[in-house]
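Examination of the molecular architecture
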Amino acid sequence: MLDATHAALTPAPSAPAVIRREDYTAPAWTVPTTTLDFALDPAVTRVRARLSVERSGAHDLPLRLDGAGQRIVSVAVDGVSVNEWRIEGEQLVLPLPGDAHVIETEVEIAPERNTQLMGLYASGGNLCTQCEAEGFRRITYFPDRPDVLSTYSVRMTADKARFPVLLANGDPVAQGDNDDGTHWAEWHDPFPKPSYLFALVAGDLAVNRGTFTTRSGRTVELGIWVREADLPKTDHALHALKLSMAWDERVYGREYDLDVFNIVAVDDFNFGAMENKGLNIFNSRYILADPDTATDYDYDAIAAVVAHEYFHNWSGNRITCRDWFQLSLKEGFTVYRDQGFSADQGSAAVKRIEDVRGLRAGQFPEDASPLAHPVRPESYLEISNFYTATIYNKGAELIRMMATILGPERFRAATDLYFERFDGTAATCEDYVACMEEAGGVDLSQFRLWYSQAGTPRVSVSLEHEPGSGRATLNLAQKVPDTPGQSNKQPQVLPLKIRLFGAETGEALTDEQLVILSDASASVTFETIPERPIVSLNRGFSAPIVIESDRTAADLAFLARHDDDPFARYEAMQQLMLDTLVAATIEGKADHEAVIAAVADTLDNPELDPAFVAEAVLLPSESFVGDQMSTVDPNAIHDAREALRRDLGRELEARWRTAYEAGSGRAYAHTPEDKGRRRLRNVALGYIAASGAADAAKLAYAQFADADNMTDRQGALTTLVGTHSEERDAALDIFYQRYQGNSLVLDKWFQTQALSSADDTPQLVAELARHPDFSLANPNRARSLIGAFGVNQRAFHAEGGAGYRWLADQLIALDALNPQTAAKLLPPLGRWRRFDPTRAALMRAELERIVAHPGLSKDLFEQASKSLE
Ligand code: 0A1
Ligand code: ZN
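Bear in mind the structure is a predicted one, so any value in this text is a computation, not a measurement. (Residues numbered from 1 in each chain as written. Chains lettered and ligands numbered in written order. Predicted model: local features only at pLDDT ≥ 70, side-chain atom pairs only at ≥ 80, totals over all residues.)

As for the overall build of the protein
Scanning the protein from terminus to terminus reveals 28 helices and 31 strands. Whereas a compact globule of 869 residues would reach a radius of gyration of roughly 29 Å, the protein reaches 28 Å, a difference of no more than 12%. Reported as C-alpha extents along the three principal axes, the dimensions of the protein are approximately 90 × 65 × 60 Å. Taking the intrachain contacts of the protein between residues at least 6 apart in sequence as the baseline, contacts between residues at least 24 apart amount to 70%. (Helix = DSSP H or I, 4+ residues; strand = E, 2+ residues; numbered from the N terminus. Rg over C-alpha atoms; globule rule 2.2 N^0.38 Å. Contact = placed C-beta atoms within 7 Å.)

Below you can see the structure in the form of structure tokens.
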């Protein structure tokens, strides 16, 4: 046994190294089997690891094991303790004579001091792990890279009273009691996996059990593990899990492969959830729901995240990523799969609208920012910073475009081929595209540019019509904007679904067509078009692009009324609103008539589903309006949007009240119809308040007080928080008292206030940061206040820069505890180039202050320094 003084805690690297995709080399050593033995204790956990290692190919390189934040107790090779190893940066380097050896290490780690929430950590008195992307190296020394696949056996020993439940990946093998008050359990996962999919949980947990019978007749034991008091809130997640399992069999032919599938909910989690093989670990916000505490939006998000993590079992676990540059291989595809699942549970059109709204709110700004990167990045400092909307959501759009180009049958044949060919391997984005090409019978050479070129393509469109000949010509031209490190880009493959409608008759003049624009510009001609056509373009948002068209307000209003594609109808309405808001922002005022008429028509149309109407009548967000401007003026945008909201509220007041009443007086039910009604009712309430109606605060307060569910309660609270009224203070107080002790609901209390456009939000947010319930240690709480404030255009950008300073102070403080979560909250400051010189200078100064802060993490350093470039 080696003296423990040999290697102390590994120091953090001073100048972070750039990791480049082109430097990839296959692992020099493989690890066919891994046996882990944990003596679990929050203060000091002992980890003994036994790795069988094999030299891969002919070379004389030493074995390199990644490790961080551990105390090494001993290292042995083939049963003999050795001294011939050294620490280089974060690696243990071990020269080995033969081609196959058994390496044993023993280390100590301190879960209760782990505030980064990577590796083994404590949450709510329980112990759990998070290993993606590079957390396993904080548990034991290992080649912590996704292309080293190993079969794991795990033994855990822990105090039985404190940690009665012991879970790990795979299937349970054995368990027993020791006579010192501890107990033990052994688990074995027969599927070779990368270290980032390793997981264990030890805790005092209750379980909601279910079963699922696979299509080949195997029974899978399902379990959702939570603290005892939360058990009644787990039925929705369990139900969603069963639906996901059936859906993946039906739609992709994918069956589950182990005998158990467990999900554990924890309160402290950096992301949404994690797909560890057979043992998913979730942020509790994506598991716990009952009508009193979760909104309809929360219910849908839970189902989507449960599905997402479950679908990873095939797209991520059975086939994993060769290196982290391929992250979108599993994430883009899995998001595409979960979007398809959610679309099948309710209105596919509304789901598509929500997804596009999300893309525009999160990914388009990223693509236009200093942090823009391709779906398959070329380099990074810290991989945690690349769990982005580009990798996830733009990645999903790439899969969607390939599915559109192939059509449903060939797409299914292509995914079958991919799952079959790469099962059990660590693959690349290129492997995926090659399967699409082969089974789809298409050439995707140029399409691959979507993986390597960052930036949102912009397409300009004009339509000409010669009444005499009946010929119509659609002219298209594309441009992919410059992004950091990339300029003069090549044209990309844009699959555009289009259809022409007659301006006079409202008739469809063509079928829907798929036009693939692959050149910088192209024209499409249509013969025998009898009347002036209006083009419905990029239907279903078939390509993730920005369109600049010469369509007039009248054309857009026409499409908002007549288009048969619900997405295109929504889109026409959004464009009309956007054009109006941009004009109003620039000129100080604008004609609201066309928008008011289009909204009135939408509200009057009895054939439309209320959930769709609720989406269609919502104005584009302030930040989306800002994205259209060369220089963002947050106050002018806010005023323009409020003026339009007020006019819509006033002019259509009777209609809003009718819509409001139609959704009122019903006992809660969780059906798609009722969800749609609740949504429209909350939107209507917002417009009634925007109109300035004298009874608005009273009406909202009555809804708040009478609500039998969180959707109504939070909807009313959101409206009230935007008012200056006694009712606002009373409602905030009652809400807080009622949900004291329920951290997920208190997050809503913080968030709703941080999102408010009221004048006093900046001061209020600063006060809330000193509230006894505020804590930087819990990522959900930190995001509920800091994250929400950062996206609140009006409050964050309030004159003087106090908001920028406050955000930077919070990020510096949070970075010392949890660098990943701090880095995620930085991007609002990085958008400085989009603002006027005064704001830009203030924002830059805060970024510079962050970069200069001593002891900054790699995570925050990368985000802040790139934002300054
Ligand atoms: N793979 C997960 C996301 C995830 C990534 C990193 C994490 O580390 C803190 C946690 C989760 C997913 O796509 O759901
Ligand atoms: Zn994922």
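Moving on from the model shown.
A closer look at the pairing of strand β16 (residues 200–203)
On β16, burial covers both faces: Leu 200 and Ala 202 on one face and Val 201 and Gly 203 on the other are all buried. Bridging between strand β13 (residues 165–168) and β16 involves 4 bridges; their strand directions are antiparallel. In the sheet register, Leu 166 faces β16, and the bridge partner there is Ala 202. (Buried ≥ 20, exposed ≤ 12 C-beta atoms within 10 Å, placed from the backbone. Pairing = 2+ DSSP bridges.)

Some points on the site of ligand 1
Lining the immediate environment of ligand 1, one finds 13 residues, of which Gln 130, Glu 132, Asn 270, Phe 271 and Met 274 sit closest. Of all the secondary structure elements, the ones that give two or more residues to the shell around ligand 1 are β20 (273–274) and α2 (296–311). Taken together, the residues of the shell around ligand 1 sort by class into 4 nonpolar, 5 polar and 4 charged. (Near = placed C-beta within 6 Å. Nonpolar A, V, L, I, M, F, W, Y, C, P; charged D, E, K, R; others polar.)

Let's talk about the packing of helix α14 (residues 634–651) against helix α16 (residues 672–690)
Relative orientation of the contacting elements α14 and α16 amounts to 100°, with a least axis distance of 7 Å. Taken together, the axes of α14 and α16 are roughly perpendicular relative to one another. Between α14 and α16, the residues in contact are Arg 645, Arg 646, Leu 648 and Gly 649 and Tyr 687, Ile 688 and Ala 690, respectively. For the contact of α14 with α16, a count of residues per class yields 4 nonpolar, 1 polar and 2 charged. (Axes fitted to C-alpha atoms, helices over the stretch in contact; angles between N-to-C directions. Parallel < 35°, antiparallel > 145°, perpendicular 65-115°, else oblique.)

So, the nonpolar core
Ranked by internal contacts, the top residues of the largest apolar core, which has 240 residues, are Met 156, Val 201, Val 264, Ile 281, Ile 287, Ile 302 and Ala 700. Top contributing element to this core by residue count: helix α5 (residues 389–406), with 10 residues. Setting aside chain neighbours within four positions, we find Val 201 in contact with Asn 126, Leu 127, Cys 128, Leu 167, Val 264, Leu 279 and Ile 281. (Core = buried A, V, L, I, M, F, W, Y, C linked by C-beta atoms within 7 Å.)

A look at the packing of helix α22 (residues 779–791) against helix α24 (residues 802–817)
Geometrically, a packed helix pair is captured by the angle between its two axes and the distance between the axes. Axis separation between α22 and α24 bottoms out at 11 Å; the angle between their running directions is 145°. The crossing of α22 and α24 is left-handed. In contact with Ala 782, Ile 786, Phe 789 and Gly 790 of α22, α24 contributes Leu 807, Gln 810 and Leu 814. Residues belonging to the contact of α22 with α24 are distributed by class as follows: 5 nonpolar, 2 polar and no charged. (Left-handed = near helix turned anticlockwise from the far one by under 90°.)

A short note on helix α27 (residues 837–852)
Taking 1.5 Å per residue, 16 residues should reach 22 Å; α27 reaches 22 Å between its end C-alpha atoms and fits that length. For α27, the set of buried residues is Arg 839, Leu 842, Met 843, Glu 846, Leu 847 and Ile 850. Projected down its long axis, α27 shows its buried positions confined to an angular sector of 135°, all on one face. Away from its buried face by more than 90 degrees, α27 exposes Pro 837, Thr 838, Ala 841 and Ala 852. For α27, the secondary structure elements touched by its buried residues are α24, α26 (827–830) and α28 (858–868). (Expected span 1.5 Å × (residues − 1). Arc of directions from axis to C-beta.)

Section: α28
α28 sits mainly inside the fold: 8 of its 11 residues count as buried. Buried within α28 we find Lys 858, Asp 859, Leu 860, Phe 861, Glu 862, Gln 863, Ala 864 and Ser 867. Among the structural elements, α24, α25 (819–824), α26 and α27 are those in contact with the buried residues of α28.

Section: the environment of Phe 386
Here Phe 386 shows up in the loop between β23 (379–380) and α5. Classification of Phe 386 as buried rests on a count of 20 C-beta atoms within 10 Å. For the pair Phe 386 and Val 47, spaced 339 residues apart in sequence, the C-alpha separation works out to 30 Å.

Considerations on the sheet that holds strand β31 (residues 546–549)
Either a parallel or an antiparallel arrangement is found when strands of a sheet pair, and the pairing is made through backbone hydrogen bonds. Strand order in this open sheet of 4 strands is β29-β26-β25-β31, and the pairing throughout is mixed. Lying at the two open borders of the sheet, with one neighbouring strand each, are β29 (521–526) and β31. Averaged over all neighbouring strand pairs, the angle between strand axes comes to 20°, with direction disregarded. Judged from the 9 bridges that link them, strand β25 (residues 458–466) and strand β26 (residues 471–479) form a sheet pairing that is antiparallel. Bridge pairing links Val 461 to Leu 476 in β26.

Some thoughts on the UniProt feature "domain: Peptidase M1 alanyl aminopeptidase C-terminal" (unreviewed entry) in the protein
In the numbering adopted here, UniProt assigns the feature "domain: Peptidase M1 alanyl aminopeptidase C-terminal" (unreviewed entry) to residues 554–869. Taken end to end, residues 554–869 has its terminal C-alpha atoms 43 Å apart, with 73% of it in helix and 0% in strand. (UniProt positions renumbered as here; feature names shortened; annotations may be inferred.)

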